[in-house]
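The residues making up each chain are set out below.
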Amino acid sequence: MDDAAHDLSRRSLIKGAGLGLGLLAAAPAPAAGHPAASGPIWSAEYWAKKGDVSLNLFRKRAGRPQAGEPPRPVLFLVHGSSISARPSFDLAVPGSGTEYSLMNVFGAWGFDVWTLDHEGYGRSARTDGNSDIASGVEDLKAAVEVVARATGRTRLHFYGGSSGALRAGAFAMARPERVDRLILEAFTFTGKGSPTLTKRREGLEYFRTHHRRPRDRDMIRSIFTRDKPGTSDPAVAEALADAELPFGDSIPTGTYLDMTANLPVVDPARVQAPVLLVRGEHDGIATEEDLLDFYRRLPNADRQFVVLAGASHAVALGHTRNQLWHVMRAFLEMPARDSHTS
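An account of the accompanying structure is given in this report. (Residues numbered from 1 in each chain as written. Predicted model: local features only at pLDDT ≥ 70, side-chain atom pairs only at ≥ 80, totals over all residues. Heavy atoms only, no water.)

1. Structural notes on the overall build of the protein chain
What counts is decided by this rule: Secondary structure elements are taken from DSSP: a helix is a run of H or I of four residues or more, a strand is a run of E of two residues or more, and numbering for both begins at the N terminus. Partly exposed describes any residue whose relative accessible area lies between the buried limit of under 20% and the exposed limit of over 50%, with all areas from a 1.4 Å probe on protein chains only and scaled to the type maximum. Two residues form a contact once any of their heavy atoms are found within 4.5 Å.
The helix and strand inventory of the protein chain stands at eleven helices and eleven strands. The buried share of the protein chain, taken over its 342 residues, is 57%. The long-range share in the protein chain, meaning contacts at least 24 apart out of those at least 6 apart in sequence, stands at 79%.

2. Section: the packing of helix H7 (residues 217-225) against helix H8 (residues 234-244)
Stated formally: Whenever a helix is involved, its axis is fitted only over the stretch in contact; in every case the axis is a line through C-alpha atoms, and angles between N-to-C directions fall within 0 to 180 degrees. Convention used here: angles under 35 degrees read as roughly parallel, angles over 145 as roughly antiparallel, angles from 65 to 115 as roughly perpendicular, and any remaining angle as oblique. By the definition used in this description, the sense in which the near helix is turned from the far one sets the handedness, with an anticlockwise turn below a right angle giving left-handed and a clockwise turn giving right-handed. Side-chain classes are defined by residue name, with Ala, Val, Leu, Ile, Met, Phe, Trp, Tyr, Cys and Pro counting as nonpolar, Asp, Glu, Lys and Arg as charged, and the others, Gly among them, as polar.
For the pair H7 and H8, interaxial distance at closest approach is 9 Å and the crossing angle is 140°. In terms of orientation, H7 and H8 fall into the oblique class. Taken as a pair, H7 and H8 cross one another with a handedness that is right-handed. On H8, the residues that touch Arg217, Ile220, Arg221 and Phe224 of H7 are Val236, Ala237, Glu238, Leu240, Ala241, Asp242 and Glu244. In terms of residue class, the contact of H7 with H8 is made up of six nonpolar, no polar and five charged.

3. Re H7
Helical geometry: 3.6 residues make up each α-helical turn, so side chains three or four residues apart lie on a common side. Rule in force here: Comment: arc refers to directions from the helix axis out to C-beta atoms. Identification of polar contacts relies on pairs of N or O atoms within 3.5 Å, with a donor-acceptor requirement for protein atoms, meaning one able to donate a hydrogen and the other able to accept it, and with residues adjacent in sequence counted only if both atoms are side-chain atoms.
Those residues of H7 lying buried are Met219, Ile220, Ile223 and Phe224. Buried positions in H7, seen along its axis, are confined to an arc of 155° and lie on one side of it. Where the residues of H7 are buried, they touch strand S8 (212-214), H8 and helix H9 (254-261). Of the residues flanking the start of H7, the one acting as N-cap is Asp216, its side-chain oxygen 3.3 Å from the backbone nitrogen of Asp218.

4. Topic: the nonpolar core
Worth spelling out the cut-off: By convention a nonpolar core is built from buried Ala, Val, Leu, Ile, Met, Phe, Trp, Tyr and Cys residues, the set being connected through side-chain atoms within 4.5 Å.
Leu57, Phe76, Phe158, Leu182, Leu184 and Phe187 are the most contacted members of the largest nonpolar core, which has 51 residues in total. Of the residues forming this core, the biggest block, eight residues, is contributed by helix H3 (residues 133-151). If sequence neighbours within four positions are ignored, Leu182 has contacts with Phe158, Ala168, Gly169, Ala172, Val271, Ala273, Pro274, Val275, Leu276 and Phe331. With 26 residues, the next largest nonpolar core counts Phe111, Leu276, Leu308 and Trp325 among its residues.

5. As for the pattern of salt bridges
Spelled out, the test is: Should a side-chain nitrogen of Lys or Arg be within 4 Å of a carboxyl oxygen of Asp or Glu, the pair is scored as a salt bridge.
Enumeration according to the criterion identifies 19 salt bridges in this entry. For Arg178, the salt bridge identified is with Glu145, shortest N-O distance 2.8 Å. Separated by 33 residues along the polypeptide, Arg178 in the loop between helix H4 (163-174) and strand S7 (179-185) and Glu145 in helix H3 bring together distant segments of the chain. Ionic pairing is found between Arg297 and Asp293, a salt bridge with its closest N-O pair at 2.9 Å. In this pair, Arg297 and Asp293 both sit in helix H10 (residues 288-297), four residues apart, roughly one turn of the helix. When its relative accessible area of 49% is taken as the criterion, Arg297 is described as partly exposed. For Asp293, a relative accessible area of 26% puts it in the partly exposed group. Among the charged side chains, a salt-bridge network with shared partners connects Arg217, Asp218, Arg221, Glu238 and Asp242.

6. Comments concerning H4
Here is the rule we go by: Residue count minus one, scaled by 1.5 Å, sets the expected span of a helix.
For H4, spanning twelve residues, the distance from its first C-alpha to its last is 17 Å, which sits close to the expected 16 Å at 1.5 Å a residue. Most of H4 sits out of view: eleven of its twelve residues are buried. Within H4, burial applies to Ser163, Gly164, Ala165, Leu166, Arg167, Ala168, Gly169, Ala170, Phe171, Ala172 and Met173. Elements in contact with the buried residues of H4: strand S4 (74-78), H3, strand S6 (156-161), S7 and H9.

Here it is in structure tokens:
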């Protein structure tokens, strides 16, 4: 394992968090959860191998790991179809004066936060593959072994956004023993009634015959405007494009092919972990009916379904991102049930 570490200055964090809920009891993160960490945010880069394919991992937490310290809860973040890991989860928006890095926020809250560039994205190896959901599951299998060695944790919390939620859900089916709690945000089950996927199916033949698709600044801007303009700061799209476009003007087609031709790819009956489903009110990738169908089929009674009012598909980088952070933290720090019996 190639482990290159460097210190980063800790950024200021958003303190206030409002809440827009569907089927969740409104409450702040419970005191029973682990304490927040102190010290500057530290980061490190790691590498995993999936056969001959090199996969880049990135880690953030408050303070450099110390020998003998107890392991912190690990939160693993899974990126979507069009943007690689660090721009998705560790974005800085110049001039905004506010925090956009999910990694910084949860690192300061005491989590050991990891993410991964899937095959064909970001700093990971570019291959002739299309990086579909099945490939993403294999990426995660390789990555969790690196995380387990570095942290001592064999069970991790997972968060996936959009097609990252499909990857995380499919991984939870394949490796249930590795998943503690699972957050699926901007998820889609069957795709029934989805305006975004209906439009995307116009390119189905292209996705079948090409391993990569073009991606430019306008495409990145459209992530924030296609559902409901005004749900994010326009400066975020520009900062995201600035961070992502150095990795090239094309990205793999595999997740688009799966989402337009192969749904469902996650069987809720095979997801054993506790699940939090999060949907932005205006998200066009899935209807509430589609997600509620998935939710009702989950076998674990420890499950929640949240609708964030005013949010669109890009919840994690929108105006309601602090609400997303709040419901995520509350779910991940859910106290254990009282074991007292009469």
